Protein chains: 2
Amino acid sequence: MFDFYFEKFNEKAPVATTDKALISKHLSLKSLKKKDILLQEGAVCKHTFFVQKGMLRAYTIDENGNEHIVQFAPEGWHIADLYSFFTEEPATLFIDAVEDSEIILIAKEDHEILLSQSHCYETFTRELITAAYVALQQRFNSSMSSSPDMCYSDFMNRYPNIANRVPQHMIASYLGLTPETLSRVRRRIAKAK
Amino acid sequence: MFDFYFEKFNEKAPVATTDKALISKHLSLKSLKKKDILLQEGAVCKHTFFVQKGMLRAYTIDENGNEHIVQFAPEGWHIADLYSFFTEEPATLFIDAVEDSEIILIAKEDHEILLSQSHCYETFTRELITAAYVALQQRFNSSMSSSPDMCYSDFMNRYPNIANRVPQHMIASYLGLTPETLSRVRRRIAKAK
DNA sequence: CCAAATCATTGATCGAAATCAAGAAATACA
DNA sequence: TGTATTTCTTGATTTCGATCAATGATTTGG
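Along each chain, numbering runs from 1 in the same order as the chain's sequence is written. Labels are handed out in written order, letters beginning with A for the chains and numbers beginning with 1 for the ligands. Confidence filtering applies because this is a predicted model: local features only for residues at pLDDT of at least 70, side-chain atom pairs given and counted only at 80 or more, and all residues used for totals across whole chains, interfaces and linings. Excluding hydrogens and water, the side-chain values take into account all heavy atoms of the structure.

Q: So what's going on with the sheet that holds strand β7 (residues 94–97) of chain A? Which residues, and what values?
A: Residues and elements named next belong to chain A. Two strands pair if DSSP finds at least two bridges between them. Here a helix means four or more residues in a row that DSSP labels H or I, a strand means two or more in a row labelled E, and each is numbered from the N terminus. The strand order across the open sheet built from four strands is β2-β7-β4-β5, with neighbouring strands paired in antiparallel fashion. The open sheet has two free edges, formed respectively by β2 (37–39) and β5 (67–74), since each of these has just one partner strand. This sheet shows a mean twist of 25° between the axes of neighbouring strands, independent of strand direction. Sheet topology note: the β2/β7 ladder contains two bridges and is antiparallel. Across the sheet, Ile-37 pairs through a bridge with Asp-96, a residue of β7. Axis geometry follows a simple rule: fit a line to the C-alpha atoms, using only the stretch in contact for helices, then measure angles between N-to-C directions, giving values from 0 to 180 degrees.

The following block contains the structure:
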């Protein structure tokens, strides 16, 4: 049932059988169709999501109605509006399914129980958020100090598994470019080879 | 000696007297003059830094020699190149003192001992990195989806304590603008009022 | 206290990405 | 299978921030 989850868990923090049993009690499953929405801006984010299968994305919509994709989450990844999750303030992000997906939900109450009752769960959480912070830092640096061409190449190399599954205009949105600009970036890169 | 540190610590995770004694053994102090460098790109980041007094900054230098400030750390904040700290790969960041400063250093070995020996230290670390992640996320969103004018106003409102202590060209660098552009942003905003 | 360095502003020009517009290609689905 | 929708590309134009250049203001430290 949660084998894949615990496999990923175990990569960051060793998990004993008794912990597995405890943690399993606090997880729930959900199936999603492509485009199903898990979180709307303005709602409080009451769960974190772990993707077992498929892909989710988090994005904002700015005052001009433009989407800005903040994160993709293919299988094995976690996603949430952590700001809203921790503060219980309204979310600034939307989260929806890019593909038909199967996910695990962890409610905030359950998350807190697990933090207090399972030491390895706390360690896992710490490792997870640390890795997420470092990845975000690097992405931010790259987007601040590289050309669009470099950002695109970096993204394709770093996340081929995402790049090959989502439409180009979503990659453009993730990189902070318009689809037209990304198309021209691709042409430039193809020509340069 | 470490009163201020434990005060901040306690805001995120309650700390008992015995833990304080243990943790104190693993902290060391350092005084810095303005412009003193704590970390160079290419070196391994072997410590995290807590600012007791003064202000530090972390920044990258891109291939054109332009600085991009990643973070300011006034008193009460932590700073490090966490990517390098955790992986022991060469740092991509520089860290130096924006003002004369007094800091606490925590070496990686000490950090790991504390994680394993003090539960509240682990909780504190988790809370700290979570807050940092959320702050970075919000900064990233704001810089991707707002006008320079909005980014600047947000920054001034959110961090007046930083904004009033650093030269404008550093704020420009933090926001990803040239000093000239920031100067014009300020004029626009002043006129609009 | 003064000279030197740093910092901020302003103007003119340039360039890269956004926007606007249209059409072609691919995909979905009924 | 065929139609509708989504996606991608290409061209023309505009816009906004970067760059280049110069000057003025402020800070620093010898």
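Q: Describe the domain arrangement of chain A, with residues and values.
A: Residue and element names in this part refer to chain A. For each domain, the first and last residues come from an automatic or database assignment. Looking at the assigned domains, one finds that chain A contains domain 1 (1–120) and domain 2 (140–193). In this structure, domain 1 and domain 2 have C-alpha centres spaced 26 Å apart. The interface of domain 1 with domain 2 comprises 14 residues on the first partner and nine residues on the second. As used here, buried area is the combined drop in accessible area, with a 1.4 Å probe, of two parts when they are placed together. Summed over both sides, the interface of domain 1 with domain 2 buries roughly 950 Å², with 64% coming from carbon and sulfur. Looking at the side of domain 1 facing domain 2, the largest losses of area belong to Met-55, Ile-69 and Phe-72, adding up to 47% of the total buried there. We define a salt bridge as a contact between a side-chain nitrogen of Lys or Arg and a carboxyl oxygen of Asp or Glu at a distance within 4 Å. At the boundary of domain 1 and domain 2, one finds two salt bridges. For Arg-165, the salt bridge goes to Glu-75, with nearest N and O atoms at 2.7 Å. Two N or O atoms count as a polar contact when they lie within 3.5 Å, although within protein this holds only if one can serve as hydrogen donor and the other as acceptor, and sequence-adjacent residues are included solely when both atoms are side-chain atoms. For the interface between domain 1 and domain 2, the tally reads five residue pairs in polar contact (both at pLDDT 80 or more). Elements with a minimum of two residues in the side of domain 1 that touches domain 2: β4 (55–61) and β5. In terms of residue count, β5 provides more of the side of domain 1 that touches domain 2 than any other element does, seven residues in total. Of the residues in the side of domain 1 that touches domain 2, the class split is seven nonpolar, three polar and four charged. In what follows, a contact means two residues having at least one pair of non-hydrogen atoms within 4.5 Å. By the convention adopted, Pro, Cys, Tyr, Trp, Phe, Met, Ile, Leu, Val and Ala count as nonpolar, Lys, Arg, Asp and Glu as charged, and the other residues, Gly among them, as polar.

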